[in-house]
Every structure is written in structure tokens, then in C-alpha cells.
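If you want the building blocks of each chain, they are given just below.
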Amino acid sequence: MALPLIDIRNEYKIYIMGTEQVYANDNISLKIDKGEFVAIVGKSGSGKSTLMNIIGALDKPTSGKYILNGRDTSNMTDDELADIRNKTIGFIFQQYNLLPKLTLLENVELPLLYAGIKANDRRKRALESLGRVGLKEKYAQYPNQLSGGQQQRVSIARALAGNPSLLLADEPTGALDSKTSRDVLNFLKQLHAEGNTIVMITHDNAIALEAERVVRIHDGKIIFDGTTEEYATEFQISH
Amino acid sequence: MLQSFKLAIKAILSNKIRSILTMLGIIIGVAAVIILVSIVSGYMGQMVEQFEEMGVNKITIFCRNMNTRHIDDDDMYKFWDEHPEWLSGLSPTVTLSSAVIKSGSDNLDSTSITGVSEDYLDIQKYVMEEGRNLVYADMAGRSSVCVVGSYVANTFYGSADKAIEDTVKINGKPFSIVGVIETQDEDNFDEGGTDDFIWIPYTVATKMSRNGYINNFVMNSSDVAYTDDITTALKAKLLDVFKNDRLYNVMANSSVIKSLNESIGTLTAMLAGIAGISLLVAGIGVMNIMLVSVTERTREIGIRKALGARQGVIMQQFVIEAAVTSTIGGVFGIVIGALATKSIGAVMGITANPTVWAVLLSFGVSVAIGLIFGYLPAKNAAMLNPIDALRVD
């Protein structure tokens, strides 16, 4: 069997608050294979954001291991983590996180720029990526000229541009109305159908049900890990 | 790299007023360095030039002769004979300060009268306009002849032609004018000016002087390189005669120029240092603005880092932004400093040009300020934790 894309083993993230130790992640072990679409669900304060930061190589675990794509990230330097993020992970943020002073094209080019890809190639691939989210014609516009849904599509285009192994979406519909949320979720499903691995962080069960597999976090621990159907049954949510 | 420059320009343009204020500090600092250094070196340079015009080879001796201890022309000519290669000319200078000079019925009150040798013309680097210079025979024969400056010739005789073979009366004794010297200083062609003088043979002047001693000698070294040897030997000789080094003084123009140049260097460095303080203040301004800029763009930095920007890339972006800001300021400062130098120089009546090294130095300093004072804020930016940075609104 192939190596899992994500392999988290006995991961702890402990913050010191004054004299108290807070276990944001408390002995988490999780494997995600290539091609999966996993929703990580939890209430605010459950530790799901901490887990997302670990998965996204934005942060290192206090103890335990995180092996991403066969590489152990636990002891990497800041710059090594930056490279891992650049090459392996495409981020889709709740607040889109586009740079307001750059055009859409320049925004989508950013990860390619940091990957050291030459200008011509960069431009070609960024335009291609914008094409995939249907915003190719607007490449010279600025983020504030777009609607929220369009901005989120640009951020998806940016995440796709580097052709990453993992799409990591943090509350991707959190700032959108229900119709645009629908569109974005459908687009994520489509990307999954095309073979992309997607990990989506959310607090919303209804959105979690759009995934294939659901991992539920509570008080820093995984309290459920199974298929969407099992999740719906166990937590008695109408699908 | 190119990308970082583009970003820097964008960032500077997006905050025009702030950028201009930051640059203003650099502009003032750089302009101050250039103006001060250029004006001072222009002014002092002119002083050096004046000394050089008087002759870098010139060495002068001033003595206070007494009955028991004194030197005379024979001593000095003997000195020359002992070291023939050192000197190219020697002349006693005997100033007759209370002589009554008359041309016909006109009194030449302001005219200076000096007893000199035939070498004096060359030592002073003057040139004859009409007639002849004094010659050795005039000294030996104590001839009643004189050479006059062009002011004397023109004012009292109408022209150099007319002055020749006419006479001037010194203390009632007629001296025939054998030569006229070319005008030295057009600007000061007046009573008591550079061209208002009469030279007579020093042998005659010594007789006419009150105590009959020659107090001053002036000579030309044949090469500036001999200056130290000559002054040392002269001092030794004079000490031998006078036994007291307060009774004489030996002054070499080249040493004066040398020490003048040294003081120019010190003064310039001091002023550049003072002006440099304003550059330091400007640098702190740059740092301040960059710290603000980093704080304002924390979220941007977080996004960039999340997308895979390494520390060095973030660092480079901010350092270049600081360097570009201060470099633009530096260029404006140089232009303003150069223009101001020219106009201040014109007002002061000196030729002041922005010196190359002042321009290069202040340009280099302004770039360096950007790099140095941009470093800390850039380091702060590079070290930001992407999670914390993304959390900021």
C-alpha cells in the first residue's frame, strides 16, 4: 500500500498560559491518503485550528510526529517549512487572504514566484489556474473589484497554481452567503473528483457532510473518524 | 530581486506623503554634507592657491640683528655656495619704511620701497614689462637705479615707456628708473596695492636703512623636495650665529601649504561629521517608518510566508524598500546640495564645486543607511510567525 499523504502520530500541541498547560492537541493520530476529501469538524476552541496549522506546516507539534508526503516535518527549520508549504500545500482561507495591492494574476503567481519559477512560465500557469475557476478575463483586476465568492475562487486558483499534493481549506465558506457557499463546495467536490486531496476545516456539520470522511475534534482529541454516512448516523444529522 | 524592487516602488508610491517625509530627512542630510564639505574645501582651496601663487619654492628668513650677533648678505651667499644644488635664487629684502619718495613734485606716500637682489624678480615670479631688471653690477656698484611697479609707472609717469629713463627721488637722491614690471593684480591696481612698489639694489638700501643690517632674506629652493634640508640647515646656521632661536624665524611656503592642507582635512572631516549626524537622524527616521510599515503589513507578511516565502525573501523585500527610499532621497539630496553649493559659492565669491568624494560619500552613506536601518525592521518581518501574522486584521 502506498504511503499516506498525511501521517500524524501521537501529536501534542501544548501552550503555556501563565502557570497552566493547555493541551490544544492531545495525542492526535491521523492518517489521510492521497485522493481523500476529509472534513475536520469541531467547535471553536476544540483544537481544530491548531490541527490545521500542524497539517499546513505552519506550526510544529510540541511532541509527536507529522510526516507529510513521506517527510518528517517535526524538526524542520522555518525555511524548510516554507518550502514544504510552497510545494505541497495549497491554502484556501476563510478570509481569502488575497493581497489587495496585487492584481489577481500577481496574487495567483505568488506561490510560483516563491517556488522560483521563471516569469513567463509563472504567468502561463497562473492564467491557466485562473481559467480553471472561470476568472481568466479578470486577471488584471484587483481583489476589491470582485465579490466575495469571486475572491474565494481566486484564492482557490492561487492554491491550485502550484499543483500541490494537498488542498487545505480553512472554513472556505465562512465568509460567504449560502448560494456562493454552495458554488465553492461544488467546486471543491469537482476538484476532489479530479483526484485532488482535500482537507477542509469547519465548525459546520452541514458543510462537513459534503466531504467523504469526517474527523471530529473535541477538547484537543479526535472523538470521531469515519465516513460521512457514519458521521450522520452517529451524530443524528440529516444528510 | 527585480520583484522586490517593483514591490518597493509600489509600497513607496502607495504612501506618498510618508515616503516624502522620510526622504526629506535623507535629502537634508545629504545636501548638508555636500554643501558644507564643498564650500569649505572651495574656500580653503582658494587660500592654498594664493600661497601657491606666491611660490611653493619660496623660503623666507626673518631676523632681529644686533650689534654683537648678526648675519649679512655674505653669510647667506656663502650658505648658497656651500649647497649650490639647493637654491635657484637668493635675495636680501631691505624695507625702507620711512623713506620720502618724490616724482617731480608728487609725493609717493603709499609706495613701498624695498632693497632687493637681481634674483628677486624670479623669486616673486614677476615679469618685466619694459626695460631691464636690476643686475649684479647694480649691487656691486651701489648704483642709484630702480625698478618700479606698473602702478607707479602709470600713475606718476603716464606709461611704462615714459617712466623708463626718468627718475624718482628717494630721500632727496635721484634714482633712474631702469625697468617697469608687468601689472600683477588688476583688481587691486591702486594706492598701496600690489603694483605700487619700487625696488632698489639691496646694497644701496642697506646704506640708507637706519641700522645698516639686512633683516630679511628670501630664497627659492631649486626643488620642493629640498625644503626640509634647507630649513634645517638654515636654522642650524642661524642658531649658531644668534644662540637664541627667538631672534630669527625660517618660513617655507611649502610647509605652510602642507599644514594648511592638513587643517583643511581636519576641518572638512569635522564638518562632514556634524552633517553626518543629520544623516544618522534621517536613518533613524527610515527605521521608524520601516517598523511602522512592517507592523501595518503583518497580515501581508503572514500570507506571503504561508504561501512559501522564505525568511530571506521577506527580509530582502523590506531591506530593498528601505534602501530604495533612502537612495531616492540621496539622489535628490545630491542634486539639491550641488545646486545650493553653486549658488552659495557664487554669493560668497568663491568657486565651490561639489567634490566628487563628497557626492560619492553621501550617496554611499544614504544607500548604507537604507540597508543598515532597514535591517532591523526587515528582520522583524522575516521572523514573524505566519500563524500570528495571519490572525492580525
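The next thing to look at is the overall build of chain A. For chain A, the count of helices and strands is 8 helices and 10 strands. Against the globule reference of 18 Å for 239 residues, chain A gives a C-alpha radius of gyration of 18 Å, in line with a compact fold. By its C-alpha atoms, chain A is 50 × 45 × 45 Å across when sized along the principal axes. Each of the 239 residues in chain A was classed as buried or not, and the buried ones make up 54%.

Bringing the sheet that holds strand β9 (residues 213–218) of chain A into the picture now. All names here are of chain A. Taken in spatial order, the 6 strands make up an open sheet running β6-β7-β8-β3-β9-β10, and their pairing is mixed. Only two strands of the sheet have a single neighbouring strand rather than two, namely β6 (89–92) and β10 (221–227). Neighbour to neighbour, the strand axes of the sheet diverge by 15° on average, direction disregarded. Across 5 bridges, the pairing between strand β7 (residues 166–170) and strand β8 (residues 197–202) is parallel. In the strand pairing of β8, Asp170 is matched with Ile201.

Take the packing of helix α2 (residues 16–54) of chain B against helix α13 (residues 356–383) of chain B next. All names here are of chain B. At a minimum axis distance of 9 Å, the contact between α2 and α13 shows a crossing angle of 160°. It follows from the interaxial angle that α2 and α13 lie roughly antiparallel. Handedness of the crossing formed by α2 with α13: right-handed. Taking contact as the criterion, the partners of Ile26, Val30, Val33, Ile34 and Val37 in α2 are, on α13, Trp357, Ala358, Val359, Ser362, Ser366 and Ile369.

Residues and elements named next belong to chain A. Extensive coverage of β8 is indicated by the burial of 6 of its 6 residues. Residue alternation in β8 divides its side chains into two sets, Thr197, Val199 and Ile201 and Ile198, Met200 and Thr202, and both sets are buried. Pairing of strand β3 (residues 37–41) with β8, which is carried by 5 bridges, proceeds in the parallel orientation. Pairing of Phe37 across the sheet is with Ile198, part of β8. Of the crossover connections in this fold, the one passing from β7 over helix α6 (residues 178–193) to the parallel β8 is right-handed.

A few words on the nonpolar core. By size, the foremost hydrophobic cluster in this structure holds 65 residues, and its most contacted members are Ile6(A), Ile40(A), Ile55(A) and Val199(A). Take this core: its biggest share by element is 8 residues, from helix α10 (residues 253–296) of chain B. Aside from chain neighbours lying at most four places away, what touches Ile55(A) is Ile6(A), Ile8(A), Ile40(A), Tyr66(A), Leu68(A), Ile89(A), Leu166(A), Leu168(A) and Val199(A). Grouped together as the second largest cluster of nonpolar side chains are 60 residues, Tyr126(B), Met128(B), Ile198(B) and Ile230(B) included.

Further remarks concern the confidence of the model for chain B. Model confidence for chain B is summarised by a mean pLDDT of 87, while 100% of its residues fall at 70 or above. Overall fold confidence (pTM) sits at 0.70, and the ipTM for the predicted complex is 0.93.

Quick look at the environment of Met287(B) now. Residues and elements named next belong to chain B. Positionally, Met287 belongs in helix α10. On a C-alpha basis, the gap between Met287 and Ile59 in space is 56 Å, while along the polypeptide they are 228 residues apart. If we ignore the near neighbours within four places in the chain, the residues touching Met287 are Phe373, Leu376 and Pro377.

Where nonpolar side chains cluster on the molecular surface, the patch consists of Ile17(B), Leu21(B), Leu24(B) and Ile28(B) and spans about 420 Å² of accessible area. Position of Leu24(B) among the secondary structure elements: in helix α2.

Moving on, we get to the interface of chain A and chain B. On the side of chain B, 21 residues touch chain A, which itself brings 24 residues to the contact. Summed over both sides, the interface of chain A with chain B buries roughly 2000 Å², with 56% coming from carbon and sulfur. By the criterion of area lost to chain B, the three top residues of chain A are Leu58(A), Leu99(A) and Tyr114(A), representing 27% of everything that side buries. Here Asp78(A) makes a salt bridge to Lys305(B), at a shortest N to O gap of 3.1 Å.

Residue and element names in this part refer to chain B. Residue position: Ser326 is located in helix α12 (residues 311–348). For Ser326, a relative accessible area of 0% corresponds to the buried category. Within the structure, the side chain of Ser326 is placed 2.7 Å from the backbone oxygen of Ser366, a separation counted as a polar contact.

Attention now moves to the sheet that holds strand β2 (residues 20–32) of chain A. All names here are of chain A. Taken in spatial order, the 4 strands line up as β2-β1-β4-β5 in an open sheet, and their pairing is antiparallel. A single partner strand is all that each edge strand has here, and the edge strands are β2 and β5 (71–72). Sheet topology places strand β4 (residues 63–68) next to β5; 2 bridges connect them, and they run antiparallel. Residue pairing in the sheet places Leu68 in a bridge with Arg71 of β5. The strands touched by helix α1 (residues 48–55) are β1 (6–17), β2 and β4; relative to β1, the strand with the most contacts, the crossing angle is about 125°.

Residues and elements named next belong to chain B. The terminal C-alpha atoms of helix α1 (residues 2–14) lie 18 Å apart, and with 13 residues this matches the ideal 18 Å at 1.5 Å per residue to within 8%. Restricting attention to buried positions, one finds in α1 the residues Ser4, Leu7, Ala8, Ala11 and Ile12. The buried residues of α1 occupy an angular sector of 135° when projected down its axis, which confines them to one face. In α1, the exposed residues that point more than 90 degrees away from the buried face are Leu2 and Lys6. On its buried face, α1 sits against α2, α11 (298–306) and α12.

What follows concerns the domain arrangement of chain B. Domain boundaries in chain B define domain 1 (2–51 + 259–391) and domain 2 (58–222). Of note, the centres of domain 1 of chain B and domain 2 of chain B, computed from C-alpha atoms alone, are 59 Å apart.

Further remarks concern the pattern of salt bridges. For the structure shown, the criterion picks out 19 salt bridges over all chains. The salt bridge involving Glu106(A) is made with Lys10(B); its shortest N-O contact spans 3.4 Å. Of this pair, Glu106(A) sits in helix α3 (residues 104–114) while Lys10(B) sits in helix α1, placing the two residues on different chains. Lys10(B) sits in the partly exposed class, given a relative accessible area of 33%. The network of salt bridges with common partners includes Arg297(B), Glu300(B), Arg304(B) and Glu321(B).

Next up on the list: the packing of α10(B) against α13(B). Residues and elements named next belong to chain B. Relative to each other, α10 and α13 sit at 30°, their axes nearing to 9 Å. Accordingly, the angle class assigned to the pair α10 and α13 is roughly parallel. Crossing hand, α10 versus α13: right-handed. Touching Thr268, Leu279, Leu280, Gly283, Ile284, Val286, Met287, Met290, Leu291 and Val294 of α10 are Trp357, Val365, Ile369, Phe373, Leu376, Pro377, Asn380 and Ala381, all from α13. Taken together, the residues of the contact of α10 with α13 break down into 15 nonpolar, 3 polar and no charged.

Residues and elements named next belong to chain B. Counting buried positions along strand β2 (residues 87–95) gives 7 out of 9 residues, so the element sits mostly inside the fold. The pairing of β2 with strand β11 (residues 216–221) spans 6 bridges and is antiparallel. Opposite Leu90, over in β11, you have Met219 as the bridge partner.

Definitions and cut-offs
- Residues numbered from 1 in each chain as written.
- Chains lettered and ligands numbered in written order.
- Predicted model: local features only at pLDDT ≥ 70, side-chain atom pairs only at ≥ 80, totals over all residues.
- Heavy atoms only, no water.
- Helix = DSSP H or I, 4+ residues; strand = E, 2+ residues; numbered from the N terminus.
- Rg over C-alpha atoms; globule rule 2.2 N^0.38 Å.
- Buried < 20%, exposed > 50% of the residue type's maximum accessible area, 1.4 Å probe, protein only.
- Pairing = 2+ DSSP bridges.
- Axes fitted to C-alpha atoms, helices over the stretch in contact; angles between N-to-C directions.
- Parallel < 35°, antiparallel > 145°, perpendicular 65-115°, else oblique.
- Left-handed = near helix turned anticlockwise from the far one by under 90°.
- Contact = heavy atoms within 4.5 Å.
- Right-handed = clockwise from strand over helix to strand, strands pointing away.
- Core = buried A, V, L, I, M, F, W, Y, C linked by side-chain atoms within 4.5 Å.
- pLDDT = per-residue confidence, 0-100.
- Patch = residues over 30% accessible without salt bridge, like charges linked within 9 Å, V, L, I, M, F, W, Y side chains within 5 Å.
- Areas by Shrake-Rupley, 256 points an atom, 1.4 Å probe, with all protein chains shown as cover.
- Salt bridge = Lys/Arg side-chain N within 4 Å of Asp/Glu carboxyl O.
- Buried area = accessible area lost by both parts, 1.4 Å probe.
- Polar contact = N/O pair within 3.5 Å; in protein donor to acceptor, adjacent residues only side chain to side chain.
- Expected span 1.5 Å × (residues − 1).
- Arc of directions from axis to C-beta.
- Domains from an automatic or database assignment.
- Nonpolar A, V, L, I, M, F, W, Y, C, P; charged D, E, K, R; others polar.

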